[in-house]
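One letter stands for each residue in the lines below.
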Amino acid sequence: MSFSSIYRTHHCNELGSEHLGQSVRLSGWVNSSRNLGGLIFIDLRDREGITQLFIDPELSPELAAKAKEIREEWVLAVAGTVRARPPEMINSSRKTGAIELELTELEILNRAKAMPYHLEDPSSSEDLRLKYRYLDMRRSGLLDNLRLRHKVSKIIRDVFDANGFIEVETPILSKSTPEGARDYLVPSRVHPGCFYALPQAPQQYKQLLMVGGAEKYFQIARCFRDEDLRADRQPEFTQVDLEMSFVEQDQIIDIVEQLLSAVMENVLNIEVPRPFRRMTWKEAMCKYGSDKPDLRFALELQDISDIFKHSQFKAFSSALEQGGVIMALKAEGQAQNCSRKMLDQFTETARLYGAKGLVWLKVEVDMSLSGSAAKFIGDEERAELLRQLQANGGDLILIVADTWKVACESLGRVRIQLAEFAGLIREKEFNFLWVTEFPLLEWDEDNQRFAAVHHPFTSPMDEDRQLLQSKPGEVRAKAYDIVLNGVELGGGSIRIHNPELQAQMFNCLGISDQEAQLLFGHILEAFSFGAPPHGGLAIGLDRLVMLLSGAKSIRDVIAFPKTTKASCLMSNSPSVVNPTQLAELGLRLATPAQNPEDS
RNA sequence: GGGGUUGUAGCGCAAUUGGUUAGAGCAUCGCCCUGUCACGGCGAAGGUUGCGGGUUCGAGUCCCGUCAAUCCCGCCA
């Protein structure tokens with residue numbers, strides 16, 4: 001790679017003892033300057049590193065005069081001679097620390113105002129850093145994350161290419177569909193009253209590419225969802241999207257494992273054992289209380305309903321009477337470590353996720369039980385509980401009695417909190433996991449109908465097809481998620497390519513033939529012209545890079561992210577627009593505009 | 001839509017729990033300094049305590065509302 005131009009012959013992390021005596025040119029920003037009166041030092045920084053510049057005012061008074069006014073972050077082009085530092089002045093913490101550049105020329109390419117905040121201060125508030133994102137990039141390590149992201153994208157493209165995939169761009173101006181997330185809408189000028197939607201995912205296009213015979217498609221695709229944000233959710237984000245024809249689940253899984261292991265090997269130099277572990281959704285929920293379990297620590301939930309079939313304890317008996325379950329989590333040796341305050345926090349977590357409460361029991365040295373509900377537990381129940389959980393003195397037992405879903409999920413959250421508290425998580429591990437056999441449909445209480453867990457084109461498992469009419473809630477889907485360290489990295493499914501099955505699916509979802517035609521007519525028509533069996537998957541690129549870089553938020557791996565209120569502090573978007581723009585689009589505001597800038 | 005945290009000088013923080021003129025550091029500006037590397041020394045300037053109400057003789061501090069950032073719940077096929 002050549003850096004050579006009229007501005008520089010080398011970059012700022014390049015010069016060393018082997019360049020002694022050479023005349024070179026450098027350009028960059030002033031990282032810091034130290035004027036000692038009789039000597040002037042300037043640390044010049046470019047994206048590669050820092051080189052110390054040196055001026056002796058006695059030898060070059062005109063350079064010294066210029067250097068005197070130089071401030072942080074000014075842009076300089078300099079020329080000089082590489083010379084060795086005195087041995088005791090070598091800075092071993094810097095690659096270029098053995099040398100310095102004795103200047104013969106100094107050009108100020110640009111001045112800079114005083115920085116709005118200390119660029120290297122990691123405690124700087126995030127809103128300032130977002131407002132001055134371009135300054136944040138200079139020193140905070142953000143640029144390193146963007147480089148890492150570039151590297152990941154590059155490897156992904158290489159692996160896809162080597163496997164015969166074609167990268168295809170699909171439209172950003174797309175069609176709104178009622179399922180799923182809220183759409184971002186774009187008004188059409190030529191069709192007054194009509195709107196495009198920004199894609200939540202390239203889902204339909206990629207299936208149409210399969211009908212078109214592309215067979216192996218991928219795209220690093222921007223997706224848009226107008227929902228409330230989180231540390232791991234931005235209104236626009238990037239998916240590594242893929243789709244293949246004439247395949248079943250195993251071929252999709254294989255290519256994704258190739259992608260991820262290549263990324264791990266090339267980016268972090270970590271070899272990931274393949275094939276990745278697989279687990280059914282049911283097992284994940286029962287054992288870990290999550291559809292994206294973190295397997296960097298053990299701690300499995302256990303169903304202890306049978307032990308308490310005749311329990312006198314009302315919290316247990318009423319849950320069972322209502323068809324619920326009693327789930328338990330045993331934390332080895334944690335009875336002493338967990339203070340009352342900690343147990344209260346666990347209880348709060350369980351409640352946050354819908355549980356009515358959390359029962360905790362400490363196993364004493366004599367194998368008796370103490371804790372909130374100990375007195376409601378009979379001797380026989382106690383013995384059976386300790387036997388099933390293989391509990392010993394000093395263990396802590398946490399119990400939730402509720403509906404199956406609430407009991408598993410709430411205790412699953414407690415499981416994570418407990419692991420963090422007790423330091424059980426193997427932090428350095430990258431634990432990949434496939435979760436398979438997701439349910440196809442989920443009962444939607446609000447709308448009193450079944451809704452697709454994945455999306456309406458997901459194929460049911462062949463052996464469960466006959467349950468579609470009788471027990472829709474029990475049908476499993478050919479759907480699979482890839483999970484890394486408790487984070488859902490991506491998911492996909494084998495799609496329905498058979499028109500009758502698709503009609504049956506719409507029927508289950510309560511979508512009439514007419515509605516289906518209106519919403520999905522184009523894709524249904526496409527499928528009627530000979531659709532190949534196909535399936536695919538999408539990986540959240542932002543989340544993947546976040547995990548690889550160790551960042552706490554996907555904002556740290558996105559060049560210009562938005563805040564939790566979906567605004568950009570740097571450009572002040574969104575903003576009000578000119579009335580003529582609205583008029584052109586045939587739009588009139590029902591509520592007065594509230595420009596975030598004004599408030 | 002709901003809950004938590006935070007908001008004091010350009011920046012990150014302090015202010016003895018309601019009591020005099022809101023402080024020191026970094027940055028800025030001026031002067032000094034020959035081996036620094038977050039150089040150092042001396043000096044100056046810098047404030048409507050996010051905003052709006054309220055309680056009080058007195059509010060940065062207590063109360064209510066509001067705005068912003070952030071974390072979480074709902075939501076995210």
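Everything that follows concerns the structure shown earlier in this document.
### Quick word on the pattern of salt bridges
Okay, so step 1: Inspection of every chain in the model, using the stated rule, returns 41 salt bridges.
Okay, so step 2: For Arg 139, the salt bridge goes to Glu 73, with nearest N and O atoms at 2.4 Å. Taken together, the positions of Arg 139 in helix α3 (residues 133–139) and Glu 73 in the loop between α1 (61–68) and β4 (75–84) put the pair 66 residues apart, joining distant regions of the chain.
Okay, so step 3: Arg 139 sits in the buried class, given a relative accessible area of 16%.
Okay, so step 4: The partner of Arg 476 in a salt bridge is Asp 464, with the nearest N and O atoms 2.7 Å apart. Placement of the pair is Arg 476 in the loop between α12 (467–470) and β20 (479–484) and Asp 464 in the loop between β19 (449–452) and α12, with a sequence separation of 12 residues.
Okay, so step 5: Given a relative accessible area of 26%, Arg 476 falls into the partly exposed group.

### What to know about the nonpolar core
What tends to happen in soluble globular proteins is that the nonpolar side chains get buried as a cluster.
Okay, so step 1: Residues Val 152, Phe 160, Leu 242, Ile 252, Val 256, Leu 260 and Phe 432 are the most contacted members of the largest nonpolar core, which totals 45 residues.
Okay, so step 2: Counting residues per element, this core draws most heavily on helix α6 (residues 249–268), at 10 residues.
Okay, so step 3: Counting 33 residues, the second largest nonpolar core, distinct from the first, contains Leu 467, Ala 479, Ile 511 and Phe 520.

### A look at α1
One full turn of an α-helix is made of 3.6 residues, so residues set three or four places apart face in the same direction.
Okay, so step 1: Looking at α1, one finds that the buried residues are Leu 63, Ala 64 and Ala 67. Buried residues along α1 cover an arc of 100 degrees about the axis, so they all sit on one side. Of the exposed residues in α1, those oriented more than 90 degrees away from the buried face are Glu 62, Ala 65 and Lys 68.
Okay, so step 2: Where α1 is buried, its residues contact β2 (40–46), β3 (49–55) and β5 (99–110).

### Describing the sheet that holds β20
Okay, so step 1: Strand order in the open sheet formed by 8 strands is β6-β9-β10-β22-β21-β20-β17-β11, with mixed pairing between adjacent strands. Lying at the two open borders of the sheet, with one neighbouring strand each, are β6 (166–167) and β11 (277–280).
Okay, so step 2: Across 9 bridges, strand β9 (residues 216–224) lies against strand β10 (residues 236–245) in antiparallel orientation. Opposite Lys 216, over in β10, you have Met 244 as the bridge partner.
Okay, so step 3: Here helix α5 (residues 203–211) sits on the sheet and contacts β9, β10 and β22 (534–540); the angle it forms with β10, its principal contact strand, is near 20 degrees.

### Brief notes about the sheet that holds β3
Okay, so step 1: What the 5 strands build is a closed barrel, ordered β1-β2-β3-β5-β4; its pairing is mixed. Going across the sheet, the axis of each strand differs from the next one's by a mean of 55 degrees, ignoring polarity.
Okay, so step 2: Across 2 bridges, β3 lies against β5 in parallel orientation. Each residue of the ladder has a partner; that of Leu 53, found in β5, is Leu 101.
Okay, so step 3: Along the sheet, α1 contacts β1 (23–35), β2, β3 and β5; its crossing angle with β5, the most-contacted strand, is approximately 60 degrees.

### Examining the protein's contact with RNA strand B
Okay, so step 1: Of all residues adjacent to RNA strand B, which total 51 residues, the nearest are Met 89, Glu 100, Ala 452, His 454 and Thr 564.
Okay, so step 2: Residue Arg 230 places a side-chain N or O atom 2.8 Å away from a phosphate oxygen belonging to RNA strand B.
Okay, so step 3: Contacts to RNA strand B include Ala 231, whose backbone N or O atom sits 3.2 Å from a phosphate oxygen.
Okay, so step 4: Put simply, the parts of the chain that give the surface near RNA strand B at least two residues each are β1, β2, β3 and α2 (126–131).
Okay, so step 5: Each residue belonging to the surface near RNA strand B can be placed in one class, and the counts come to 16 nonpolar, 17 polar and 18 charged.

### Considering unusual backbone geometry
Okay, so step 1: The amide bond that connects Arg 274 to the next residue, Pro 275, takes the cis arrangement and shows omega of -5 degrees.
Okay, so step 2: Within the secondary structure, Pro 275 is located in the loop between α6 and β11.
Okay, so step 3: The omega torsion of the bond from Ser 573 to Pro 574 falls at 0 degrees, within 30 degrees of zero and hence cis.
Okay, so step 4: The topology assignment puts Pro 574 in the loop between α15 (541–549) and α16 (579–584).
Okay, so step 5: One non-glycine residue, Met 367, adopts positive backbone phi at about 70 degrees.
Okay, so step 6: For Met 367, the position within the fold is in the loop between β14 (359–363) and β15 (369–371).

### What about the side chain of Asn 431?
Okay, so step 1: Among the structural elements, Asn 431 can be located in the loop between α11 (404–422) and β17 (432–436).
Okay, so step 2: On the accessibility criterion, Asn 431 (15% relative accessible area) is buried.
Okay, so step 3: Engagement of the side chain of Asn 431 in a polar contact is seen with the side chain of Glu 429, the distance being 2.9 Å.
Okay, so step 4: Setting aside residues up to four positions removed in sequence, Asn 431 forms contacts with Leu 295, Arg 296, Val 483, Leu 484 and Asn 485.

### Focus on the pairing of β19
Okay, so step 1: Note: strand β18 (residues 441–444) against β19, 4 bridges, orientation antiparallel. Looking across to β19, one finds that Trp 443 is bridged to Phe 450.
Okay, so step 2: Joining the antiparallel neighbours β18 and β19 is a turn of 4 residues, in which Gln 448 adopts a positive phi near 50 degrees.

Reading the values: the criteria
The written sequence of each chain sets the order in which its residues are numbered from 1. For naming, the first written chain is A and the first written ligand is 1, with later ones following in the order written. The model is predicted, so local features are restricted to residues of pLDDT at least 70 and side-chain atom pairs to those at 80 or more, both for listing and for counting; the totals for chains, interfaces and linings are taken over all residues. With hydrogens and water excluded, all non-hydrogen atoms of the structure serve as input to the side-chain values. Whenever Lys or Arg places a side-chain nitrogen within 4 Å of a carboxyl oxygen from Asp or Glu, that contact is recorded as a salt bridge. Going along the chain from the N terminus, every DSSP run of H or I of four or more residues is numbered as a helix, and every run of E of two or more is numbered as a strand. Burial classes follow relative accessibility: with a 1.4 Å probe on protein chains only, a residue under 20% of its type's maximum area counts as buried, one over 50% as exposed, and anything between as partly exposed. Residues grouped as a nonpolar core are buried Ala, Val, Leu, Ile, Met, Phe, Trp, Tyr and Cys residues, joined through side-chain atoms within 4.5 Å. When we speak of the arc, we mean the arc of directions from the helix axis to the C-beta atoms. We call two residues in contact when some of their heavy atoms are within 4.5 Å. By definition, two strands form a pair when at least two bridges between them are found by DSSP. Helix axes use the C-alpha atoms of the stretch in contact, all axes being lines fitted to C-alpha atoms, and the angles between their N-to-C directions lie in the range 0 to 180 degrees. A molecule or strand has a residue near it when one of that residue's heavy atoms lies within 4 Å. The definition of a polar contact used here is a pair of N or O atoms within 3.5 Å, where within protein one atom must be able to donate a hydrogen and the other to accept one, and adjacent residues in sequence count solely through side-chain atom pairs. Classification used: nonpolar for Ala, Val, Leu, Ile, Met, Phe, Trp, Tyr, Cys and Pro, charged for Asp, Glu, Lys and Arg, polar for all others including Gly.

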